[in-house]
Amino acid sequence: MSEGDGAAVIANGDDAPRPLRIVGSAIADRVYTWVLTAFALCIPALLLLLVIALGLAGWPAFRRFGFAFLTSSTWNPVAGIYGAAPAIYGTVVTSIIALIVATPLGVGVALFLSDLAPRRVRQPVAFLVDLLAAIPSVVYGLWGIFVLLPFLRETLMPFLRDTLGLGGTVFFSGPAYGPSMLAAGLILAVMVLPYISAISREVLLAVPRSQREAALALGATRWEMIRGAVIPYAKSGIIGGIILGLGRALGETMAVTMLIGNRHEISASLLAPGYTMASLIANEFAEASSDLHLSALMAVGLTLFVITMIVNGIARWLVWQVGRTGSGRP
Amino acid sequence: MAGLAGRPDGERTTVSAPAIAPAPDRPHRPSDRQRAFAERTLGTVQRRRIVNAVMLSLLFLAAIAATLPLLFILFHLMRLGITSLTPAFFTKMPRPVGEAGGGMANAIVGTLILIGAASAIGLPIGVGAGLYLAERRGARLANAVRYLSDVLNGLPSIVMGIFAWQFLVRPVGHFSALAGAVALGAMMIPMLTRTTEEMVRLVPVALREAALALGYSKWRTSLTIVVRTAGPGIVTGALVAMARIAGETAPLLFTVLGNQFWSVSLAEPIAALPLQIFEYAKSPYEEWHALAWAGALVLISLILVIGVAARFATRQRFGAHGD
C-alpha cells in the first residue's frame, strides 16, 4: 500500500518510467501473495480430496452393511459378507503392545539424553535412535521375517509360555508358530520408538534449567529431580509424543503385513495370528474379486483414516499446548 | 537456621532469645525419640540413594536397549545383503525362479524415477506453502494450514495410496508410475511445508528489512534474499523428505503395482525397489530371499546417501553463517 502512495508522488515528477515500474511491482507483489496462498491452500484441498476419495471408495460397503461393518467379525468374500471387527481388534492390540514396549524405552532414552548423558555421548546415541525412523517399513518386515520370527519361535515364545509359565493365561496360550500379533507389536515398538523418543527429548530439553536446579537445591536426588520437577513439567508433551507414536503404529502397513500372519480371527492369545486394518487392505487389495470386496477394503481404509485423524489431532494439540505454556513461563 | 545465622547480630538476638532460654534444661544426649527419628531419616536417605541408583541405571539400560535394534538390523543387512551384492545385481533384470543370477536394475531405476517425479510434484507445493506460513506468521489461515499439515504428516501412507488409486488408477483402468509419484509427492508436501517454514523463519529480519529499504519489492525480497539465504536449509529438508519417501511401499501397492520388465514410462506400471523386496521376501525361494536382502541393503544405502547429502548441505549453511 505504502509503495502505491509513493508511486503516486513520483508520478508527478519528471521521471515517467519509474512509477510504472513501482506500480508494476505492487501488482507483482499481489500476484506473488496469491501464488503462495494458492500453494498453502493445496494442503486443506489435499485433505479434502483424501476424504472424498476414501468416502467415494468406501461408501458402497458402508451403505450395504451400515454400522455392523465395524462390529461384525465375519469376513467372507465368497458369501459377500464383510465385517472389520477382527482387523480393528488386531490394530488395537498390536498398537497397545507397541506402546507398552516402546514408551518406557523411548521416554527412558529421552531422559538419559536430556539429564544424564555426557555431552560426548548425547549426539551419537540420539543419532542412532533417530536413524531407526529412516529405515523403511519393508526392511523392518524383511528383518522381522528372517531374524525376529525365528527368535520368537525358538526362544522368546517358549520362554514366555513355558519357562515363565504364562501359557496358562489366556494371553499366551496356543501354539507358537511365529507370525503373530506379538511379533507385529514388537516390530511396531521398534518403529515408533524414534518418534516417541524424539518428541520426548525435544520437550524435556525445553524444561527450564531453573526447574532442575530448584529441585536439586532442595536436596532431591537426580531421580527425584526427574520425577518431581522434570517429568511433570514435560508431561503433556511426552503424552503427545506417545499418542503421535500411536498414530504411526495404527497405520503402519508393510512390516505388520509381513509379520502378523494375516488371519481373520479375534483371539485373546498374543501368540495367535491376526490382522490389522492396514495389513488387511494391503494384503487383499491385489486379490479383491468383486466391487463390494474392494469397497469393503476401502471402507476399512476410511475407518483407519478417521481414527488416525482423531489420534493425530489430539497429539498435535497436546504438543502444541506444551510449546505455548512452556514459552509463556520463565 | 543458616539464614538466621547470616543476619546482623541485633536482629538475631531479638528473634532467637526466647528459644535459647529452655536449652539448658534439655539433656545433652539425644532422647530415644530423637534417636529413632534420626535412624529413620538415615534409612530414608539410604533408600532414596538406592532408588536413585536403580532408576538411573534403568534409564541407562533403556538407552542401550533402544540402540540395539538398529545395530542388529544393520548387522544382518550387511551380513546377508553383501553376499548377493554382485555387479549383476545393478545391471541385470529379474530372472524367473530357478535361474541363478539376475538383479534389480529395473527396480533401482524405477525407484529413482519415482523419487524424481514425486519431487517434481511435492517440492514446489511444499516449499510454496512453507513460504506462505513463514511470511504470514500470525494469520488465521496460516495457523489452520500449519495444523492441517501436521495432521497430514501423521496420516498412514497407505491412505495416500488409496487416494491416488481412486483418482488416477480407477478412472484410467490401469496402474501407472504417475499415480505412485502423486501419492509419494502428496506425502512430501506436509514434510516440506514445515521444514521450509522453519528454515525461512531463521532468516534474520534485518536482512529482509535491508532489502526492502533498498527498494526491493516484497516478492523480490522473498525470492532473492529470503529463499536464497534459507536455500541450503530448504535443500536439506527436501533431501530428508526424499529419503523418507524412497522406502515407502504401501502407497505403491495401489498405484505402481511393480513390473518385471524394463519400463521408464510414467504412464505404465513401473518396478520399484521396496515393492521388489516385498515380493521376494514373501516368496518361498532361497535365491529370492538373498536378492531381497541385497535389495534392502541397496535401498538403505540410497537413503543413507541422501541423508548424508542433507547433513552436508546443512553444514555448508552453518559454515557460511560462521564467515
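Going along each chain's sequence as written, the residues are numbered from 1 onward. For naming, the first written chain is A and the first written ligand is 1, with later ones following in the order written. It should be noted that, the model being predicted, local features are given only for residues of pLDDT at least 70 and side-chain atom pairs only at 80 or more, the latter also being counted only at that level, while totals for whole chains, interfaces and linings use all residues. Side-chain numbers come from the whole structure's heavy atoms, not from hydrogens or water.

So, about the nonpolar core. We define a nonpolar core as any set of buried Ala, Val, Leu, Ile, Met, Phe, Trp, Tyr and Cys residues linked to one another through side-chain atoms lying within 4.5 Å. Burial status follows relative accessibility: with a 1.4 Å probe on protein chains alone, a residue under 20% of its type maximum counts as buried, one over 50% as exposed, and anything between as partly exposed. Within the largest apolar cluster, 194 residues are counted, with the highest numbers of intra-cluster contacts made by Leu50(A), Phe69(A), Tyr140(A) and Ile158(B). Per element, the largest residue contribution to this core is 15 residues, and it comes from helix H7 (residues 181–205) of chain A. Those residues in contact with Leu50(A), other than ones at most four positions away along the chain, are Phe305(A), Leu152(B), Leu155(B), Val159(B), Met160(B) and Phe163(B). Runs of E in the DSSP output that reach at least two residues are strands. Runs of H or I that reach at least four are helices, and both are numbered from the N terminus. What makes two residues a contact is simply this: any of their non-hydrogen atoms within 4.5 Å.

Residue and element names in this part refer to chain A. For the domain bounds, the source is a domain assignment made automatically or taken from a database. The domain architecture assigned to chain A consists of domain 1 (9–65) and domain 2 (68–326). For domain 1 and domain 2, the distance between their C-alpha centres works out to 38 Å. Buried surface area refers to the total accessible area, computed with a probe of radius 1.4 Å, that the two partners give up upon joining, counted for both partners together. Summed over both sides, the interface of domain 1 with domain 2 buries roughly 1100 Å², with 81% coming from carbon and sulfur. If you sort the residues of domain 1 by the area they bury against domain 2, Leu-54, Phe-62 and Phe-65 come out on top, with a joint share of 55%. Salt bridges, as used here, are contacts in which a Lys or Arg side-chain nitrogen is within 4 Å of a carboxyl oxygen on Asp or Glu. Our enumeration of links across domain 1 and domain 2 arrives at 0 salt bridges.

Pairing of aromatic rings covers Phe, Tyr and Trp, the last counted by its six-membered ring, and requires centre-to-centre distances within 6.5 Å; plane angles under 30 degrees mean stacked, over 60 mean edge-to-face, and any other angle means tilted. Counted by the stated rule, this structure contains 13 aromatic pairs over all chains. Taken together, a centroid distance of 6.2 Å and an interplanar angle of 50 degrees make the contact between Phe146(A) and Trp293(B) tilted. In this pair, Phe146(A) sits in helix H6 (residues 137–163) while Trp293(B) sits in helix H13 (residues 286–322), so the two residues belong to two different chains. You can call Trp293(B) buried: its relative accessible area is 4%.

With that out of the way, let us pick up the interface of chain A and chain B. Facing the 76 residues of chain A at the interface are 75 residues of chain B. Summed over both sides, the interface between chain A and chain B buries roughly 6900 Å², with carbon and sulfur atoms accounting for 81% of that surface. Looking at the side of chain A facing chain B, the largest losses of area belong to Tyr32(A), Ile43(A) and Trp223(A), adding up to 10% of the total buried there. Seen at the junction of chain A and chain B, the total is 1 salt bridge.

Here we take up the environment of Glu287(B). Residues and elements named next belong to chain B. Along the chain, Glu-287 falls in helix H13. Judged by relative accessible area, Glu-287 falls into the partly exposed class, the value being 38%. Distance in space between the C-alpha atoms of Glu-287 and Val-97 is 8.1 Å, their sequence separation being 190 residues. Those residues in contact with Glu-287 that sit more than four places away from it in its chain are Val-97 and Gly-98.

All names here are of chain A. Along the polypeptide, Arg-201 turns up in helix H7. On the accessibility criterion, Arg-201 (17% relative accessible area) is buried. With residues near it in sequence (within four places) discarded, Arg-201 still touches Ala-110, Leu-113, Ala-126 and Asp-130.

Residue and element names in this part refer to chain B. Counting across every chain of the model gives 11 salt bridges over all chains. With its nearest N and O atoms 3.1 Å apart, the salt bridge here joins Glu-197 to Arg-201. Placement of both Glu-197 and Arg-201 in helix H8 (residues 177–201) is noted, with a separation of 4 residues, approximately one turn of the helix. For Glu-197, a relative accessible area of 2% corresponds to the buried category. One salt-bridge network, in which partners are shared between bridges, spans Arg-146, Asp-150, Arg-194, Glu-197 and Arg-201.

Residues and elements named next belong to chain B. Values of pLDDT, ranging from 0 to 100, describe the predictor's confidence in every residue of the model. The pLDDT averaged across chain B works out to 84; a share of 89% of its residues lies at or above 70. When the criterion is pLDDT under 50, residues 1–17 qualifies, and its contacts beyond four places in sequence or with other chains add up to 4 contacts. The ipTM assigned to the predicted complex is 0.84, against a pTM of 0.85.

Let us look at H7(A). Residues and elements named next belong to chain A. Multiplying one less than the number of residues by 1.5 Å gives the expected span of a helix. For H7, with 25 residues, the first-to-last C-alpha span of 35 Å sits near the 36 Å given by 1.5 Å per residue. What we call the bend at a residue is the angle made by axes fitted to the seven residues finishing there and the seven residues starting there. Most pronounced at Val-192, the bend in H7 amounts to some 35 degrees, and the proline Pro-194 follows within four residues. Along H7, 20 of the 25 residues are buried, which leaves the element largely enclosed by surrounding structure.

Moving on, we get to H6(A). In an α-helix there are 3.6 residues to a turn, and that puts residues three or four apart on one side. Residue and element names in this part refer to chain A. Here H6 spans only 32 Å end to end across 27 residues, well under the 39 Å set by a 1.5 Å rise per residue. A maximum bend of about 50 degrees is found in H6 at Leu-152. Of the residues one or two after H6, Gly-165 is the one with positive phi, at around 70 degrees.

Residue and element names in this part refer to chain B. A cluster of nonpolar side chains, contributed by Ile-50, Val-54, Leu-58, Phe-60, Leu-61, Ile-64, Leu-68, Leu-71 and Phe-72, occupies part of the molecular surface with about 810 Å² of accessible area. Structurally, Leu-58 is set in helix H3 (residues 32–81). Note on Leu-58: relative accessible area 44%, which makes it partly exposed. By definition, no residue in a patch forms a salt bridge, and every one has over 30% relative accessible area; like charges are joined within 9 Å, nonpolar side chains (Val, Leu, Ile, Met, Phe, Trp, Tyr) within 5 Å. Per-residue accessibility takes into account occlusion by the displayed protein chains alone, with areas from the Shrake-Rupley method and a 1.4 Å probe.

This brings us to the domain arrangement of chain B. Taken domain by domain, chain B holds domain 1 (2–70) and domain 2 (88–95 + 104–315). Centre-to-centre, using C-alpha coordinates, domain 1 of chain B lies 58 Å away from domain 2 of chain B.

Before going further, it helps to examine the environment of Thr37(A). Within the element layout of this structure, Thr37(A) appears in helix H2 (residues 17–65). Those residues in contact with Thr37(A) that lie beyond four places of it in its chain are Tyr132(B) and Leu141(B).

Residues and elements named next belong to chain B. Interhelical geometry of H8 versus helix H10 (residues 218–246) gives an angle of 145 degrees and a closest axis separation of 9 Å. Considering the relative orientation of H8 and H10, their crossing is right-handed. Between H8 and H10, the contacting residues are Leu-184, Met-187, Met-188, Met-191, Leu-192, Thr-195, Thr-196, Met-199 and Val-200 on the first element and Val-226, Ala-230, Gly-233, Ile-234, Gly-237, Ala-238, Ala-241, Met-242, Arg-244 and Ile-245 on the second. When residues are sorted by character, Ala, Val, Leu, Ile, Met, Phe, Trp, Tyr, Cys and Pro go into the nonpolar class, Asp, Glu, Lys and Arg into the charged class, and all the rest, Gly among them, into the polar class. Of the residues that constitute the contact of H8 with H10, the class distribution is 14 nonpolar, 4 polar and 1 charged. Here an axis means a line fitted to C-alpha atoms, over the contact stretch when the element is a helix, while the angle between two N-to-C directions is reported on a 0 to 180 degree scale. Handedness of each helix crossing follows the sense of rotation of the near helix against the far helix: counterclockwise by less than a right angle gives left-handed, clockwise gives right-handed.

Glancing now at the confidence of the model for chain A. One rule of thumb: low pLDDT means the predicted coordinates there are not for detailed reading. All names here are of chain A. Per-residue pLDDT for chain A averages 86, and the proportion of residues at 70 or more is 90%. Here residues 1–13 is a poorly scored stretch, pLDDT under 50, and it has 10 contacts once near neighbours within four places are set aside; other chains count. Here residues 326–330 is modelled with pLDDT under 50, and outside its nearest four sequence neighbours on either side it reaches 4 contacts, counting other chains as well.

Here we take up unusual backbone geometry. With glycine set apart, most residues show a phi of negative sign, and most peptide bonds adopt trans. In the Ramachandran plot, Asn262(A) falls in the positive-phi region, its phi being about 50 degrees despite a non-glycine side chain. A relative accessible area of 21% means that Asn262(A) is categorised as partly exposed. Positive phi, normally seen in glycine, also occurs at Leu257(B), with a value near 70 degrees. Residue classification places Leu257(B) among the partly exposed positions, given a relative accessible area of 44%.

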